[in-house]
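Each chain is listed here by its residues.
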Amino acid sequence: MITAAEINRQKMDNAMTKHAANFEAVMQQICDSFYDLPAPGSDYLKWGHVGSAEHVVTELRDIANFLKR
C-alpha cells in the first residue's frame, strides 16, 4: 500500500522534474536571444544593446545568488 507521504513525494518529484525542464527551455531562450544581439565589432551594435546585455547579466547574477541560498 502506498502511503500519503510516498504520494506526496512523487508529486514533489514530478513538479521538480517539470520545473527543471522549463528551466532548460528558458535558459535556451535566453542564450538564443542574447546571442542574437549584435556582436562586438558589428556595425549594428549600439549602446542600447550593451545596456541590455548588462541588464541581462545583472539579473542572471541575482538569480544565481538567489539559488545559492
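Our structure's up above, just so we're on the same page.
The residue numbering used here restarts from 1 in each chain and proceeds along that chain's sequence as written. Since the coordinates come from a predicted model, pLDDT governs what is reported: local features require at least 70, and pairs of side-chain atoms require 80 or more to be given and counted, while whole-chain, interface and lining totals use all residues. Hydrogens and water are ignored here; the side-chain numbers use all heavy atoms of the structure.

A.B. asks: Would you mind going over the overall build of the protein with me for this structure?
C.D. replies: Of regular secondary structure, the protein possesses 2 helices and 0 strands. Restricting the calculation to C-alpha atoms gives the radius of gyration, and the globule rule supplies 2.2 Å times the number of residues raised to the power 0.38. What you see for the protein is a C-alpha radius of gyration of 19 Å, clearly larger than the 11 Å of a compact globule of 69 residues, by over 25%. Taken over the C-alpha atoms alone, the protein extends approximately 65 × 25 × 10 Å along its principal axes. Working definition: with a 1.4 Å probe on protein chains only, accessible area under 20% of the residue-type maximum means buried, over 50% means exposed, and in between means partly exposed. For the protein, the residues scored as buried account for 1% of the 69 residues in total. On the protein, the mean spot of the 7 positive side-chain charges and the mean spot of the 9 negative ones are 8 Å from each other. Put simply, DSSP H or I for four residues or longer makes a helix, DSSP E for two residues or longer makes a strand, and each gets a number counted from the N terminus. None of His or the chain ends enter the tally, which takes Lys and Arg as positive and Asp and Glu as negative. By convention, the charge on Lys lies at NZ, on Arg at CZ, on Asp at CG and on Glu at CD.

A.B. asks: What am I meant to see in the layout of surface pockets here?
C.D. replies: To find leftover empty space, a probe the size of one water molecule is rolled over the atoms. Think of a 1 Å grid over the protein atoms and nothing else: a 1.4 Å probe that fits but is trapped marks a cavity, an open set flanked by protein within 12 Å on at least five of seven lines marks a pocket, and residues with an atom within 4 Å of a point count as lining. Grid points are joined across faces, edges and corners, and a volume is the space filled by probe spheres set on the points. By volume, the largest pocket amounts to about 150 Å³. Taken together, Phe-34, Tyr-35, Leu-37, Pro-38, Ala-39, Pro-40, Leu-45, His-49, Val-50 and Ala-53 make up the lining of the largest pocket. When residues of the lining of the largest pocket are traced back to their parent elements, those giving at least two are helix 1 (4–35) and helix 2 (47–68). The biggest single contributor to the lining of the largest pocket is helix 2, with 3 residues. Broken down by class, the residue content of the lining of the largest pocket amounts to 9 nonpolar, 1 polar and no charged. We call Asp, Glu, Lys and Arg charged. Ala, Val, Leu, Ile, Met, Phe, Trp, Tyr, Cys and Pro are nonpolar, and the rest, Gly among them, are polar.

A.B. asks: Looking at this model, I keep getting lost on the packing of aromatic side chains. Mind explaining?
C.D. replies: Where two aromatic rings form a pair, the distance of their centres and the angle of their planes describe that pair. Two aromatic rings, drawn from Phe, Tyr or Trp (for Trp, its six-membered ring), form a pair once their centres lie within 6.5 Å of each other, and the interplanar angle then sorts them: stacked below 30 degrees, edge-to-face above 60, tilted otherwise. For the coordinates displayed, the defined rule picks out 1 aromatic pair. Here the aromatic rings of Phe-34 and Tyr-35 are separated by 5.7 Å at their centres, their planes lie at 90 degrees, and the arrangement is edge-to-face. A relative accessible area of 29% places Phe-34 in the partly exposed class.

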